[in-house]
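Fold and contact review
For reference, the chains in residue letters:
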Amino acid sequence: MRASRLLSILILLQLRGRLTAAELAAEFEVAERTIYRDIDALSAAGIPVYGDRGPGGGFQLLDGYRTRLTGLSADEAEAMMMIGLPGPASELGIGAATSAAQNKLIAALPGGGGAIADRMASRFHIDTVDWYRSGEDLPFLPMIARAVLDERMLSMRYEGWNGARDWMVEPLGLVLKAGIWYLAAQGGGKIRAFRIANIAAPTVIDTAVRRPAGFHLATWWQTEQARFEAELFATRATIRASASGCQRLAALSPRGAEAVAGGSEPDANGWRNMTMQVEDSDHGAREMLALGAEVEVVAPESFRRCIGTLAEAIALRHR
């Protein structure tokens, strides 16, 4: 543990130049006196690190000194794909390993490569969580991620649409979709998607996972997503919308934007006809009512009646 910290201190001094004992102590979550002992150990090992006292002081390496001791540990190698995604890396429990791997990569760059990498990091940021929604509380995500990486069975309690059920699954991968984590796992005779936030009481079982031949996580997810959307939005509705309604519909969802893009030319009053895939009448009615009187459902008749009934109930409630 200390050897890893000494190497990390050396790399940070190489990347950032001068750092105070307080800054290093905060970085590694240790006491300042521990940092002083670490600096002494580096000096004793022949590393040309020196310190200045007083305001603006700190520790730094002798000008021109560079280390090539930048080999990645097993944890850091696993974390490589999460570089640039500090939020998801932290949720997976590999934030520290990701940061260390990134520092080692930057330290290994020749010439001004470190400055280039630092400039990129300071100018681009990826935020995977959708607007107006905070991240989910995922206390079991690091454990599940470890089961995925180690290819070990997982027992768990899952709260699905049809209630809670106990599962024994073979974890195959993790997917982050619009700020929501999903587990791809084989259970009950097929590969399924489990929302991580709905998993309770997971336990890793020391039994190896039998990974299906030819399984590719990204390809499976794209296919599963297309299948899910086709089944979920199975109702084809004919609607009319004003110019304002078209704007609201396009902003409502990708399905709304697709419907507007394929709509007819405006009539004399500026209204356009179009078709849109929606859920069943009950869910679709609530979606359409959010658009106000600028959108009218023409067909199917059952969908139109459902909107009328719901609108009358809303009007009665607010009289």
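A brief report on the enclosed structure follows. (Residues numbered from 1 in each chain as written. Predicted model: local features only at pLDDT ≥ 70, side-chain atom pairs only at ≥ 80, totals over all residues. Heavy atoms only, no water.)

Turning to the packing of helix α12 (residues 281-289) against helix α13 (residues 301-317), a few remarks are in order. At their nearest, the axes of α12 and α13 sit 9 Å apart, and the two run at 60° to each other. In terms of orientation, α12 and α13 fall into the oblique class. Regarding α12 and α13, the two cross each other, and that crossing is right-handed. Residues Ser-281, Asp-282, Gly-284, Ala-285, Arg-286, Met-288 and Leu-289 of α12 form the contact with α13, whose own contacting residues are Ser-302, Phe-303, Cys-306, Ile-307, Leu-310, Ala-311 and Ile-314. Among the residues forming the contact of α12 with α13, the class breakdown is 9 nonpolar, 3 polar and 2 charged. (Axes fitted to C-alpha atoms, helices over the stretch in contact; angles between N-to-C directions. Helix = DSSP H or I, 4+ residues; strand = E, 2+ residues; numbered from the N terminus. Parallel < 35°, antiparallel > 145°, perpendicular 65-115°, else oblique. Left-handed = near helix turned anticlockwise from the far one by under 90°. Contact = heavy atoms within 4.5 Å. Nonpolar A, V, L, I, M, F, W, Y, C, P; charged D, E, K, R; others polar.)

Okay, the pattern of salt bridges next. If you walk through the whole model with that rule in mind, you get 11 salt bridges. Put simply, Arg-5 and Asp-38 hold a salt bridge, and the shortest N to O gap is 2.6 Å. Note that Arg-5 is positioned in helix α1 (residues 2-16) and Asp-38 in helix α3 (residues 32-44), a separation of 33 residues in sequence. By relative accessible area, which is 15% here, Arg-5 ends up buried. Look at Asp-38 and you get buried, because its relative accessible area is 0%. (Salt bridge = Lys/Arg side-chain N within 4 Å of Asp/Glu carboxyl O. Buried < 20%, exposed > 50% of the residue type's maximum accessible area, 1.4 Å probe, protein only.)

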